[in-house]
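The lines below spell out each chain.
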Amino acid sequence: MSRDMDGSETETRPGWRALSGAALRTMSPLEWARFGAGEIAYIRPALVNGTPAVVIHAADGTPIGAAPDAGLAAAAIRQHEMEPALLH
């Protein structure tokens with residue numbers, strides 16, 4: 001079990017691998033950029049055309065969408081079978 005962004009417990013997704021702290025500390029910048037690609041999308045508050053929004057980024061940092069709030073951003077990410085993570 002793990003905790004979701006809203007604090008609720010969720011089942012660990014099939015196929016996800018758990019890495020030890022030691023393994024995470026030895027990852028190169030390129031490995032970090034690829035970590036979670038296709039599985040995790042990050043959301044970050046930002047201004048879009050002067051309007052407060054939440055921008056959705058792929059695991060490598062590429063902006064892939066935006067939503068008016070974090071709830072809708074998380075729903076959009078889950079709709080694409082990925083897990084949301086808050087970037088701040």
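Check the entry above for the structure.
Residues numbered from 1 in each chain as written. Predicted model: local features only at pLDDT ≥ 70, side-chain atom pairs only at ≥ 80, totals over all residues. Heavy atoms only, no water.

**Student:** I would appreciate a short explanation of helix α3 (residues 70-79) in the present structure.
**Tutor:** An α-helical turn contains 3.6 residues, so any two residues separated by three or four positions project in the same direction. Buried within α3 are the following residues: Ala-73, Ala-74 and Ile-77. Buried residues of α3, seen end-on, are gathered within an arc of 95° and therefore sit on one face of the element. Here the buried face of α3 lies against β3 (40-48), β4 (51-58), β5 (63-67) and β6 (83-86). The N-cap residue of α3 is Asp-69: its side-chain oxygen and the backbone nitrogen of Gly-71 are 3.0 Å apart. Looking one or two residues beyond α3, the residue adopting positive phi is Glu-81, at roughly 55°. (Buried < 20%, exposed > 50% of the residue type's maximum accessible area, 1.4 Å probe, protein only. Helix = DSSP H or I, 4+ residues; strand = E, 2+ residues; numbered from the N terminus. Arc of directions from axis to C-beta. Contact = heavy atoms within 4.5 Å. Polar contact = N/O pair within 3.5 Å; in protein donor to acceptor, adjacent residues only side chain to side chain.)

**Student:** I keep staring at the pairing of β4 and nothing clicks. Help me out?
**Tutor:** Taken across its eight residues, β4 has six buried, putting it largely inside the fold. Of the pairings in the sheet, the one linking β3 to β4 comprises eight bridges and is antiparallel in character. Looking across to β4, one finds that Val-48 is bridged to Thr-51. Bridging between β4 and β5 involves four bridges; their strand directions are antiparallel. Among the inter-strand pairings, Val-55 is bridged to a residue of β5, identified as Ala-66. Between β4 and β5, which pair antiparallel and follow one another directly, the connecting turn spans four residues, one of which, Gly-61, has a positive phi of 95°. (Pairing = 2+ DSSP bridges.)

**Student:** I tried to follow the environment of Ala-53 on my own but got confused; where do I start?
**Tutor:** Relative to the elements of secondary structure, Ala-53 occurs in strand β4. Residue Ala-53 is classed as buried on the basis of its relative accessible area, which comes to 13%. Between the C-alpha atom of Ala-53 and that of Ala-70, which follows or precedes it by 17 residues, the distance is 8.2 Å. Not counting residues up to four positions away in its chain, the partners in contact with Ala-53 are Arg-44, Pro-45, Ala-46, Val-48, Ala-67 and Pro-68.

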